[in-house]
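Residues per chain, in single letters:
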Amino acid sequence: MKYLHDIGEYFIMLKKVFGRMTKTSVMRGLIFKEIDDLIISSLGIVVFISFFIGGVVTIQTALNLNNPLIPKSLIAFTARQSIILEFSPTFISIIMAGKVGSNITSSIGTMRVMEQIDALEVMGINSANYLIFPKIIAMLFYPFVIAISMFMGIVGAYLAGVLGGFVAGEQFLNGLQNDFISFHLVYAFIKTFFFALILATIPAYHGYYMKGGALEVGKASTTAFVWTSVVLIIANYLLTQLLLS
Amino acid sequence: MIEVKNLHKSFGEDEILKGIDTEFYQGKTNLIIGQSGAGKTVFLKCLLGLFKPTEGAIEYNGKAYSSLDNEKQLELRTEMGMVFQGGALFDSMTIAENVMFPLRMFTKQKKAEMMDRVEEVLTRVDLQNVNHKFPSEISGGMQKRVAIARAIVNKPKYLFCDEPNSGLDPKTAILIDNLIQEITKENDITTVINTHDMNSVLEIGENIVYLKDGNLEWNGSKDEIYRTDNKSLADFVYSSNLFKKVREAQLKGL
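This is a predicted model, so every value here is computed, not measured. Numbering of residues starts from 1 in each chain and follows the order in which that chain's sequence is written. Just so you know, chain letters begin at A and ligand numbers begin at 1, following the order they were written in. Totals for whole chains, interfaces and linings use all residues, but because this is a predicted model, local features are given only for residues with pLDDT of at least 70 and pairs of side-chain atoms are given and counted only at 80 or more. Side-chain numbers here rest on the full set of heavy atoms in the structure, without hydrogens or water.

Moving on, we get to helix α6 (residues 170-187) of chain B. Residues and elements named next belong to chain B. Secondary structure is summarised from DSSP: a helix means a run of H or I of at least four residues, a strand means a run of E of at least two, and numbering begins at the N terminus for each. Under the convention used throughout, the expected extent of a helix is 1.5 Å for every residue step, that is, one less than its residue count. In this model α6 runs 26 Å from its N-terminal to its C-terminal C-alpha over 18 residues, within 8% of the 26 Å that 1.5 Å per residue would give. Every residue pair with non-hydrogen atoms within 4.5 Å of one another is taken to be in contact. Buried residues in α6 make contact with β3 (29-34), α4 (111-124), α5 (140-152), β7 (158-162), β8 (190-194) and α7 (198-204). Positive phi appears at D188, one or two residues downstream of α6, with a value of about 50 degrees.

So, on to the environment of B:I16. Among the structural elements, B:I16 can be located in strand β2 (residues 14-24). Residues in contact with B:I16, not counting those within four places in the same chain, are B:K9, B:S10, B:F11, B:A38, B:G39, B:V42, B:D213 and B:G214.

What follows deals with the pattern of salt bridges. Each salt bridge in this description consists of a side-chain nitrogen of Lys or Arg and a carboxyl oxygen of Asp or Glu lying within 4 Å of one another. Under the counting rule described, the total for this entry stands at 14 salt bridges over all chains. Residues A:K16 and A:E121 are paired through a salt bridge, measuring 3.0 Å at the closest nitrogen-oxygen approach. In this pair, A:K16 sits in helix α1 (residues 2-17) while A:E121 sits in helix α5 (residues 116-122), placing the two residues 105 residues apart along the sequence. Accessibility here uses a 1.4 Å probe with only protein chains present; expressed as a share of the type maximum, an area under 20% marks a residue as buried, one over 50% as exposed, and anything in between as partly exposed. The exposure class of A:K16 is partly exposed, given its relative accessible area of 30%. Using a relative accessible area of 15% as the deciding quantity, one classes A:E121 as buried. Of the charged contacts in the structure, one is a salt bridge between B:E206 and B:K185, with a shortest N-O distance of 2.6 Å. Of this pair, B:E206 sits in the loop between α7 and β9 (207-212) while B:K185 is found in helix α6, placing the two residues 21 residues apart along the sequence. Taking the relative accessible area as the measure of exposure, B:E206 reaches 24% and is therefore partly exposed. Taken together, the salt bridges that share partners define one network made up of A:R112, A:D118 and B:K45.

Considering every residue of chain A, the mean pLDDT works out to 93; 100% of them sit at 70 or more. Within chain A, α5(A) has the poorest average pLDDT of any element, 90, and helix α7 (residues 142-163) of chain A the best, 96. For every residue, the pLDDT score states the predictor's confidence, bounded by 0 at the bottom and 100 at the top.

Our next topic: the packing of aromatic side chains. By convention, a stacked pair of Phe, Tyr or Trp rings (six-membered ring in the case of Trp) has centres within 6.5 Å and planes under 30 degrees apart, an edge-to-face pair has planes over 60 apart, and any other such pair is tilted. With the rule as written, the count across this model stands at 18 aromatic pairs over all chains. Geometrically, the ring pair formed by A:F193 and A:F194 is edge-to-face, given 5.7 Å between the ring centres and 80 degrees between the ring planes. Taking relative accessible area as the criterion, A:F194 reaches 38% and is therefore assigned partly exposed. Ring centres 5.5 Å apart and planes at 25 degrees place the aromatic pair B:Y210 and B:F236 in the stacked group. Within this pair, whereas B:Y210 is found in strand β9, its partner B:F236 is found in helix α9 (residues 231-237), the two being separated by 26 residues in sequence. Classification of B:F236 as buried rests on a relative accessible area of 11%. One aromatic cluster is present, built from ring pairs that chain together A:Y10, A:F11, A:Y205, A:Y208 and A:Y209. By definition, being over a ring means that NZ of Lys or CZ of Arg is both within 6 Å of the ring centre and within 35 degrees of the ring normal. Sitting above the plane of the A:Y208 ring, A:R112 keeps its charged end 5.0 Å from the centroid.

Set out below in structure tokens:
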């Protein structure tokens, strides 16, 4: 019953988010601030992780291709498919559930504990719109983060493959272009769009409705991370079934 | 004026407010007092519209809050100022931005006009040279003053304060009490203060509402409180020896 109650409360919150809007001039500033906090500040870690995971995927694939009949260009093909289809959209999103999600839950949760959300409500401000709407809009830029992740993953794969002596540069570039299906990119970005909404709203829900003090803010951040990851994995399966099968 | 008619508020099976009828007067400092768990905070949140009453009505100058449509409720909210127990200042904003916040949200004033008004209210609460500081950089007493400045910057008709002097030293607490009373008189607003502080009760209590177990147990002024024969109220207000002596001195006309 509690899960049903929480799901209902989540949708009520979403209705409130898109209810009475905050003054446009104020909202514009809030959106820019959230883009900086949620998107720009995440680029560093995304670039770092993508670059090295791209390299690791290449090395592992190369070490498992012992058969001389299998062309080396398959290393690049495998790296590309792994990065575009799964690593960048899904696994970067799970990492972002920890980074962005805990940021959202703790910032909103602290405002709840410090009565700042009550202060907004008393002033006649739609607190859900003021706090959550700019985060949702900022997260619409999330596909750019994933595009950068894909690019850096492939750069990492290329450098690890070529500099490690696993594959020649030309072979890698050939493999990268082999059997390229452009719909795979569309599929990846459709997933990313849904993941962005999940990343913005589930942590926001856990912060917005949290009760208690400072200790509960920490617990809410952990719970938000767990539930965001669970919903991401389920959404990933459903979207893959719908779009690729 | 705020009129409260047969106010009930329950959370599930738990009835917190059990039919309160009272009035809060314009131009006076109205106090809600009572022991912890008496229902003071729930009562205040009902007055603010943060909690919807289970039964009964709250009328602001004759208009029942629940009978108003969304737009009118919003309009009424903009006529309210609130000083929260912890100040509830926005950590990411400077003091000037905190005080300016209601003006930015609800007026079309230019920035220079807003800054003039911010300066005016900060001066009124005796705060200077703090505009560019953040809430974490000033003392608790100063934070309360900023909260008062923010609450009055948009010239509200109703001012609500939740334990405005909790956590403050006695001297600062009295300054805050006097400041709230002066602002109430200057602006002829209806001020409602939720407090535990007996100094405040005896200092600025022009209309005191005493709650016990969710019921209105007693209603009167600070002068009447000295002569009260309500045992529960006397036990609550005169629980310390100091206040017992103050009462005896008052009754003897000293």
